[in-house]
Amino acid sequence: IVSGSRFQDDMDVFINGSEWSNTRWKSEARFVLKGGGSLKAAVPKNVPVSLRFVNPDGGETTVTFQWP
């Protein structure tokens, strides 16, 4: 679950530059990345990954995330 603001339905998500299509928009403040084992492999513990979020209106942000 990603918390933030101004998320839009049909937002594109990229993990380390690769598009992640298994997502669900919940609200302007909440977005869910899904994928079970595939997601765990793409975002392994103790390894920083780049997450890029691109709204349909062109707004975007990139953050570095690392599981503790």
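**Here's the deal with the layout of surface pockets**
Now for step 1: In this structure, the largest pocket occupies an estimated 290 Å³ of space.
Now for step 2: Taken together, Ile-1, Val-2, Leu-33, Leu-39, Lys-40, Val-43, Leu-51, Phe-65 and Trp-67 make up the lining of the largest pocket.
Now for step 3: A per-class count over the lining of the largest pocket returns eight nonpolar, no polar and one charged.
Now for step 4: The space that makes up the second largest pocket amounts to roughly 220 Å³.

**What about the nonpolar core?**
Now for step 1: Val-13, Phe-31 and Leu-33 are the most contacted members of the largest nonpolar core, which has 13 residues in total.
Now for step 2: With three residues, strand 6 (residues 49-54) is the single largest residue contributor to this core.
Now for step 3: Each residue touching Leu-33, except ones within four places of it in the same chain, is listed here: Val-2, Val-13, Trp-20, Asn-22, Thr-23 and Leu-39.

Parameters and conventions
Residues numbered from 1 in each chain as written. Predicted model: local features only at pLDDT ≥ 70, side-chain atom pairs only at ≥ 80, totals over all residues. Heavy atoms only, no water. 1 Å grid on protein atoms, 1.4 Å probe; cavity = no way out; pocket = protein on both sides within 12 Å on 5 of 7 lines; lining within 4 Å. Points joined across faces, edges and corners; volume = space filled by probe spheres on them. Nonpolar A, V, L, I, M, F, W, Y, C, P; charged D, E, K, R; others polar. Core = buried A, V, L, I, M, F, W, Y, C linked by side-chain atoms within 4.5 Å. Buried < 20%, exposed > 50% of the residue type's maximum accessible area, 1.4 Å probe, protein only. Helix = DSSP H or I, 4+ residues; strand = E, 2+ residues; numbered from the N terminus. Contact = heavy atoms within 4.5 Å.

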